[in-house]
Amino acid sequence: MGIIYLFDVDGTLTPARQPMDDSFRTFFLQLCGQAQVYLITGSDRPKLDEQVPPNVRASVEGIFTCAGCQFWKAEDLIFERTHEFDPKLVQALEGFVASSPFDGRFGNHMEFRTGMINVSVPGRNVSKEGRQRYYEWDKQQGERQAFIKTLNDQFPDYSVSAGGQISIDVSPLGWTKAQILKHLKNWHPKAKFIFFGDRMNEGGNDRPLALALEVDSPQHRSVSVDGPQNTLIALKDLFTPTSE
């Protein structure tokens, strides 16, 4: 029975919306050379490519983007799921951005990705400093969590979760990161899965996969982290590179 390593990207392997650190990449490539590794991100492929260098993308077994609605082998798209969203839901998301009391709008507030919508009050064009400012403000105000509850109550056919530091991910019910488990079990029926993510709390977009792994088998494990350095520390407890 082999171990399959699963990793969220943003906030787990990289700082929020930043490239992977060189020292982290060195260790991670050692892992990829000696174990089977998959990446699972809520972001689309262009954003993943900005954060994960080509040699890492080429070294993993596969990459799930858009919360599992797309699957890639290196640069090749293997499959995807698409969806036409309820116009009333889109209106509600637009209203969320417009009515927020947060004092900053920087553009690109709604992204229609494959099988999901990503919505952000400050917008994805916000600076690194502005991103952190909204993240700290939201932790105090609970804006995203309150809106997530409202959307889940009003639109029961959709899943809504916090994505990264500043956004909310919306997808058809069941089209969360948990959807990847059926594929992984088909490909690796006897494997033990270890999943690293930074959004495993209630309402976080890593939580559905963590719960699905827990239900599927006690042999699986989910590791909650708060950044790439924390991921590296936890990973070193589980994996020791072997010399060639």
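Everything quoted here is computed from the prediction, not taken from an experiment.

### Topic: the overall build of the protein chain
Each helix and strand in the protein chain was counted, giving nine helices and eleven strands. Taking 244 residues into account, the globule formula puts the C-alpha radius of gyration at 18 Å, and the protein chain, at 18 Å, falls close to it. Its C-alpha atoms give the protein chain principal-axis dimensions of about 55 × 35 × 30 Å. For the protein chain, restricting intrachain contacts to residue pairs at least 6 apart in sequence, the fraction spanning at least 24 positions comes to 64%.

### Points about the side chain of K47
With respect to the helices and strands, the residue K47 is situated in helix α2 (residues 45-51). Dropping the residues within four chain positions of it, K47 is found in contact with R17, E111, R113 and R124.

### Brief notes about the nonpolar core
Y5, F7, F28, L31, V37, L39 and F196 are the most contacted members of the largest nonpolar core, which totals 27 residues. Among the elements of the structure, β1 (3-7), α1 (22-34), β2 (36-40), β10 (192-197) and α9 (228-238) are those that each provide at least two residues to this core. Apart from the residues lying within four places of it in its own chain, the contact partners of Y5 are L31, A35, Q36, V37, Y38, I194, F196, L235, L238 and F239. Formed by 23 residues, the second largest nonpolar core is a distinct cluster that contains L89, V90, F96 and A162.

### Looking at the sheet that holds β10
One open sheet accounts for seven strands, arranged β5-β4-β3-β2-β1-β10-β11; its pairing is mixed. Of all strands in the sheet, those bounded by a partner on one side alone are β5 (76-80) and β11 (221-224). With direction set aside, neighbouring strand axes in the sheet form an average angle of 20°. Pairing of β1 with β10 involves five bridges; the strand directions are parallel. In the sheet register, I4 faces β10, and the bridge partner there is F193. Lying over the sheet, α9 contacts β1, β10 and β11, oriented at roughly 160° with respect to β10.

### A word on unusual backbone geometry
Non-glycine residue A67 carries a positive phi angle of around 60°. The phi torsion at A74 lies on the positive side, around 55°, for a residue other than glycine. Note that A74 resides in the loop between β4 (70-73) and β5.

### Some details on the sheet that holds strand β8 (residues 158-163)
Taken in spatial order, the four strands line up as β6-β7-β9-β8 in an open sheet, and their pairing is antiparallel. Whereas interior strands pair on both sides, the edge strands pair on one side only; in this sheet they are β6 (110-113) and β8. Recorded for the sheet is a direction-independent mean angle of 20° between the axes of neighbouring strands. For β8 and strand β9 (residues 167-172), the ladder comprises six bridges, and the chain directions are antiparallel. Across the sheet, the residue bridging to V160 is V170, located in β9. Contacts between helix α4 (residues 87-99) and the sheet are confined to β6, β7 (116-120), β8 and β9, with β7 contributing the most and set at about 15° to the helix.

### Notes on the packing of aromatic side chains
All told, the structure shown has 17 aromatic pairs when counted by the stated rule. Geometrically, the ring pair formed by F7 and F196 is stacked, given 4.8 Å between the ring centres and 10° between the ring planes. Here F7, found in strand β1, pairs with F196, found in strand β10; they are 189 residues apart in sequence, far enough to count as distant. Residue classification places F7 among the buried residues on the basis of a relative accessible area of 0%. Note on Y38 and F71: the rings are 6.4 Å apart at their centroids and 35° apart in plane angle, and the pair reads as tilted. Pair noted here: Y38 is in strand β2 and F71 is in strand β4, with a separation of 33 residues, a long-range link.

### Section: the pattern of salt bridges
Using the criterion set out here, one finds 18 salt bridges in the structure. A salt bridge links D216 to K185; its shortest N-O distance comes to 2.4 Å. Of this pair, D216 sits in helix α8 (residues 207-216) while K185 sits in helix α7 (residues 180-187), placing them 31 residues apart in sequence. Given the relative accessible area of 34%, K185 is considered partly exposed. Among the ionic contacts, a cluster of salt bridges with common partners joins D44, K47, E111 and R113.

### Quick look at the packing of α7 against α8
It is at 10 Å that the axes of α7 and α8 come closest, and there the two elements cross at 45°. By the angle class used here, α7 and α8 are oblique. Two secondary-structure elements touch here, α7 through I180, L181 and K185 and α8 through L209, A212, L213 and D216. Here the residues of the contact of α7 with α8 sort into five nonpolar, no polar and two charged.

About the thresholds
- Residues numbered from 1 in each chain as written.
- Predicted model: local features only at pLDDT ≥ 70, side-chain atom pairs only at ≥ 80, totals over all residues.
- Heavy atoms only, no water.
- Helix = DSSP H or I, 4+ residues; strand = E, 2+ residues; numbered from the N terminus.
- Rg over C-alpha atoms; globule rule 2.2 N^0.38 Å.
- Contact = heavy atoms within 4.5 Å.
- Core = buried A, V, L, I, M, F, W, Y, C linked by side-chain atoms within 4.5 Å.
- Buried < 20%, exposed > 50% of the residue type's maximum accessible area, 1.4 Å probe, protein only.
- Pairing = 2+ DSSP bridges.
- Axes fitted to C-alpha atoms, helices over the stretch in contact; angles between N-to-C directions.
- Phe/Tyr/Trp six-rings, centres within 6.5 Å; stacked < 30°, edge-to-face > 60°.
- Salt bridge = Lys/Arg side-chain N within 4 Å of Asp/Glu carboxyl O.
- Parallel < 35°, antiparallel > 145°, perpendicular 65-115°, else oblique.
- Nonpolar A, V, L, I, M, F, W, Y, C, P; charged D, E, K, R; others polar.

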